[in-house]
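Working through the structure, step by step
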Amino acid sequence: MPEKSSSPRKVPLTKGNVGRKPSEKKDVAEVSFTPLYVSSAAVAVFSVLYYLLTYQEGGTETFVPVGLTTEKKVHEVACSTEYAKEPFHDCKPKRCARVVMDELVAKSEASHLRGVAERGLALGGGDGGASILDLHSGALSKGKSFINVYRLLETISENIFTEEDFRVYRNVKSKIHVAIAKEFGVKPSALFLTKPTFFSRMNTKPATTVHDEYWHAHVDKVTYGSFHYTSLLYLSTYGEEFSGGRFIFVDKDVNRTVEPRLGRVSFFTSGSENVHFVEKLVEGERFAITISFTCDPAQAISDPVLPTK
Ligand SMILES: O=C(O)CCC(=O)C(=O)O
Ligand SMILES: [Fe+2]
């Protein structure tokens, strides 16, 4: 996965429930087996059953399942304090949340972008479990490092990308921009696209560099620096094209998952109220786009355009 600069991605922080063994999970089984009272035995049986049920759930609840089609599902969270010192009063989060929308982006647009991801990533591809393509900078995973896809394209006579690809990309980005601005009460003109904004392809191959370790819990604001709002557009479907690979919010009480599906948009405030990670893939390939927004005009990037040969 890309870095905010060219240095290797910092291994993100881990927190709360991530990596807990069942024995370390919620303390729900403090059962007292006092044989004198039937009621105690009943409580004990109930507690053991409760523990077993909780154990099977693994302390994880599904926030948005793959089978649900939701116009909008919102989970409010208390904002972390890290926004307090920042300027950007007309843009930085006043309330924090995670939002999932299945009808914002058309399936045809998501399918089109899936094609762009496949065509672009076919020109490179990392050795490990995660590859990225950034249409803004041209960064494309290749082996253990990155190449510039636009420089590569200068040497190829074939046209890999079209005007239409970039038009769809910009249109989708604009829809998400407007939706985030509306949800968080920000004027669209006070919110800017920022980097890195990139396609990702994940598979079951073991990581060969730290860039490939997508499964660490992290805070986007810390990992990428400029982010205030993170969005993800999923380009493939959990349970159909891959298993594992669910997106997981790490919360104190329980982990909450978003199951990716083609065309699903998930966006959230980028601070430590939204620690998250992607589960390791078990099978198949998973495609997504991370589209990032900042309140800092100095960190803004322009929309990508098809380079002329
Ligand atoms: O692909 C995803 O679901 C999340 C990726 C992510 O956490 C990131 O790009 O920072
Ligand atoms: Fe992230």
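Please read these numbers as outputs of a predicted model, since none were measured by experiment.

1. Re the overall build of the chain
Counting secondary structure elements, the chain contains five helices and 16 strands. Counting the 309 residues in the chain, one finds 40% classified as buried. Sequence separation of 24 or more characterises 79% of the internal contacts of the chain that already satisfy a separation of 6 or more.

2. Looking at unusual backbone geometry
Cis geometry marks the peptide bond from Lys195 to Pro196, where omega comes out at 0°. Structurally, the position occupied by Pro196 is in strand S8 (residues 192-202).

3. Some thoughts on the site of ligand 1
Surrounding ligand 1, one finds nine residues, the nearest of these being Leu232, Phe247, Val278, Ala288 and Thr290. Elements with a contribution of two residues or more to the shell around ligand 1: strand S14 (276-278) and strand S16 (286-294). By residue class, the composition of the shell around ligand 1 is five nonpolar, three polar and one charged.

4. A word on the UniProt feature "domain: Fe2OG dioxygenase" (unreviewed entry) in the chain
Per the UniProt entry, the sites bearing "domain: Fe2OG dioxygenase" (unreviewed entry) are residues 195-297 in this numbering. End-to-end, the C-alpha atoms of residues 195-297 are 12 Å apart, and along that stretch the chain is 5% helix and 45% strand.

5. Structural notes on the pairing of strand S12 (residues 255-258)
Looking along a regular strand, one sees side chains alternate from face to face of the sheet. Looking at chain direction, strand S1 (residues 60-64) and S12 are connected through four bridges and run parallel. Residue pairing across strands places Thr62 opposite Thr257, the latter belonging to S12. With four bridges connecting them, strand S11 (residues 247-250) and S12 associate as antiparallel partners. What sits directly across from Phe249, in S12, is Arg256. Between S11 and S12, which pair antiparallel one after the other, the connecting turn spans four residues.

6. Some details on helix H4 (residues 163-183)
An ideal rise of 1.5 Å per residue puts 30 Å on 21 residues; H4 measures up with 30 Å between its terminal C-alpha atoms. Every buried residue of H4 is accounted for by Asp165, Val168, Tyr169, Val172, Lys173, Ile176 and Ile180. Each buried residue of H4 lies within a common arc of 130° when the element is viewed along its axis, so the set occupies one face. Exposed residues on H4 whose side chains face more than 90 degrees from its buried face are Glu163, Glu164 and Lys182. Turning to H4, the residues buried within the fold contact helix H2 (107-121), S8, strand S9 (229-234), strand S13 (265-269) and S16.

7. Quick notes on the nonpolar core
If you look at the biggest cluster of nonpolar residues, it comprises 66 residues, and the most contacted ones within it are Leu113, Ala117, Leu133, Ile176, Leu233 and Leu235. What Leu133 contacts, discounting residues up to four positions off in sequence, is Ala117, Gly120, Leu121, Leu140, Val149, Phe198 and Phe199.

8. A look at H2
An α-helical turn contains 3.6 residues, so any two residues separated by three or four positions project in the same direction. Its 15 residues give H2 an end-to-end C-alpha distance of 21 Å, which sits within 8% of 21 Å, the value for a rise of 1.5 Å per residue. Listed as buried for H2 are Ala110, Leu113, Arg114, Val116, Ala117, Gly120 and Leu121. Seen from one end, H2 has its buried residues packed into an arc of 160°, which puts them on one side. The exposed set on the far side of H2, more than 90 degrees from its buried face, consists of Lys107 and Ser108.

9. Digging into the environment of Arg170
Inspection of the secondary structure puts Arg170 in helix H4. Overall, the presence of 15 C-beta atoms within 10 Å leaves Arg170 in the partly exposed class.

10. A closer look at the sheet that holds S14
Read from one edge of the open sheet, four strands run S1-S12-S11-S14, paired in mixed fashion. Two strands close off the open sheet at either side, each with one partner strand: S1 and S14. Across the sheet, the axes of successive neighbouring strands diverge by a mean angle of 30°, strand direction being ignored.

11. Side note on the packing of H2 against H4
Contact geometry for H2 and H4: axes closest at 10 Å, N-to-C directions at 125°. Taken together, the axes of H2 and H4 lie oblique to each other. By crossing handedness, the relation of H2 to H4 is classed as left-handed. Taken together, the residues of H4 that come into contact with H2 (itself represented by Glu109, His112, Leu113 and Val116) are Asp165, Val168, Tyr169 and Val172.

12. Overview of the environment of Leu232
Relative to the helices and strands, Leu232 is located in strand S9. Sequence spacing of Leu232 and Phe198 is 34 residues, and the spatial spacing of their C-alpha atoms is 9.8 Å. When neighbours within four sequence positions are excluded, Leu232 is seen to be in contact with Ser266, Ala288 and Thr290.

What counts, and at which threshold
In every chain, residue numbers begin from 1 and rise along the written sequence. For naming, the first written chain is A and the first written ligand is 1, with later ones following in the order written. Per-residue local features of the predicted model are confined to residues with pLDDT of at least 70, and side-chain atom pairs are confined, for both listing and counting, to 80 or more; whole-chain, interface and lining totals are unaffected and use all residues. Helix and strand assignments come from DSSP, with helices taken as H or I runs of at least 4 residues and strands as E runs of at least 2, each series counted from the N terminus. Each residue is classed by its C-beta neighbour count within 10 Å, where at least 20 other C-beta atoms makes it buried, 12 or fewer makes it exposed, and intermediate counts make it partly exposed; the C-beta atoms are placed from backbone geometry. Contact between two residues is assigned when their C-beta atoms, built from the backbone, lie within 7 Å. Here is the check we use: build the C-beta atom from the backbone, and if it is within 6 Å of the molecule or strand, call the residue near. Three categories are distinguished: nonpolar for Ala, Val, Leu, Ile, Met, Phe, Trp, Tyr, Cys and Pro, charged for Asp, Glu, Lys and Arg, and polar for the others, with Gly belonging to the last. UniProt positions are given in the numbering used here, feature names are shortened, and annotations may be inferred rather than shown by experiment. Note: two strands are recorded as paired if DSSP finds a minimum of 2 bridges between them. A helix is expected to span 1.5 Å for every residue after the first. To obtain the arc, one takes the directions from the helix axis to the C-beta atoms. When buried Ala, Val, Leu, Ile, Met, Phe, Trp, Tyr and Cys residues are joined through C-beta atoms within 7 Å, the set is termed a nonpolar core. Where helices are involved, their axes are fitted lines through C-alpha atoms of the stretch in contact, as for all axes, and angles between N-to-C directions lie from 0 to 180°. Here is the rule for angles: anything less than 35 degrees is roughly parallel, anything more than 145 is roughly antiparallel, 65 through 115 is roughly perpendicular, and the remaining ranges are oblique. Crossing handedness is read from the near helix: turned anticlockwise from the far helix by less than a right angle, it gives a left-handed crossing, and turned clockwise, a right-handed one.

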